[in-house]
Amino acid sequence: MMLKTEELKKEIRRLCEEKGAIILAHYYTVGDVQDIADFVGDSLALARKAAETDARMMVMCGVHFMAETCKLLSPDKVVLCPDLNAGCSLADSCKAEDLKKFKDEHPGYQVISYVNTTAAVKALTDVVVTSGNAKKVVDQLPKDAKLIFGPDYNLGNYINEVTGRQMLLWNGGCHVHERFSVAKITELKAQYPDAVVMAHLECKGPVLALADVKGSTADMLRYARENRATQFIVATEAGILHEMQRTCPDKQFIPVPPEISESGLECSCNECQYMKLNTLEKVYQCLRDECQQIEIDPAIAADAVRPIERMLELS
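Residues numbered from 1 in each chain as written. Predicted model: local features only at pLDDT ≥ 70, side-chain atom pairs only at ≥ 80, totals over all residues. Heavy atoms only, no water.

Another aspect to go through is the sheet that holds strand E11 (residues 231-235). Taking strand neighbours across the sheet as the criterion, the 4 strands line up as E10-E9-E11-E12 in an open arrangement whose pairing is parallel. Two strands in the sheet have a free side with no partner beyond their single neighbour: strand E10 (213-215) and strand E12 (252-255). Direction aside, the axes of adjacent strands within the sheet are offset by 25° on average. As judged from the 4 bridges shared by E11 and E12, these two strands associate in the parallel manner. Directly across from Val-234, in E12, lies its bridge partner Pro-255. Sitting on the sheet, helix H13 (residues 240-247) touches strand E9 (196-200), E11 and E12, and the angle it makes with E12 is about 170°. (Pairing = 2+ DSSP bridges. Helix = DSSP H or I, 4+ residues; strand = E, 2+ residues; numbered from the N terminus. Axes fitted to C-alpha atoms, helices over the stretch in contact; angles between N-to-C directions. Contact = heavy atoms within 4.5 Å.)

The following block contains the structure:
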């Protein structure tokens, strides 16, 4: 028998108490999932929470690489993923075997990998970064260091611009952030002339050029809370609007639509179908049955955890 939404929420919280579990949810998951989470955040915040928690078990509501990161930082804990098919187009754009070949072709280079990568790619990496700390981490590396940055080309290109570096960039991208429409932003700016335009650093250069605020999801959320503006045009995955509206109920947040949706039809927002695979029903089922557990090859895990720990030290 299918439980109703409120019953599901109560059962999930009961199971968390019974099993000593916590729920971590990314800003891009659906609102109902964010509402029952113990902690909602972006990649860096969730990685830190995974390292700090003393819970016996955690449910990572996001995408697969995020659950892997939790397991890398908490190897003795049970890490559950509500849907193992919740992948990431950006992580998929950089395979471990391809990165190894690229490294072999460029001896003497350090590898900086965006957190949106598999454990196998992290194992080939010198330091991991997020959109929120990438500049800070790169600034702390020697000025003459030879660097490879991947897999997000747009983020790497932005960091090159603001740091004066000439990192070699992997040609990968997020299917959501690649779709944002410059024309739609221009139209929205005309419609809402006093609105602040905010864009995620995974967006293309022409989109970032139109933004008043460029940063991570956490940067944008912080700016919306602290700034006196009352209207914001938001170019990132539409799930963030749930937390923005919850914490700033008197402000208006306008999502930037994609140039064209995956269905071929225009729509008012830009969503990641992988993030939306996390549902209350799946959270309940994986908690109840302790299924969809994340396991990582110990040999890969030993190498993959080091660049994450270095990131946490530098950030």
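Tracing the chain through its elements places Lys-135 in helix H8 (residues 134-139). The class of Lys-135 is partly exposed, set by a relative accessible area of 38%. For the pair formed by Lys-135 and Asn-160, sequence separation is 25 residues and the distance between their alpha carbons is 9.0 Å. When near neighbours in sequence (up to four residues on either side) are disregarded, Lys-135 contacts Ile-159, Val-162 and Thr-163. Reaching out from Lys-135, the side chain makes a polar contact with the side chain of Asp-139 at a distance of 2.7 Å. (Buried < 20%, exposed > 50% of the residue type's maximum accessible area, 1.4 Å probe, protein only. Polar contact = N/O pair within 3.5 Å; in protein donor to acceptor, adjacent residues only side chain to side chain.)

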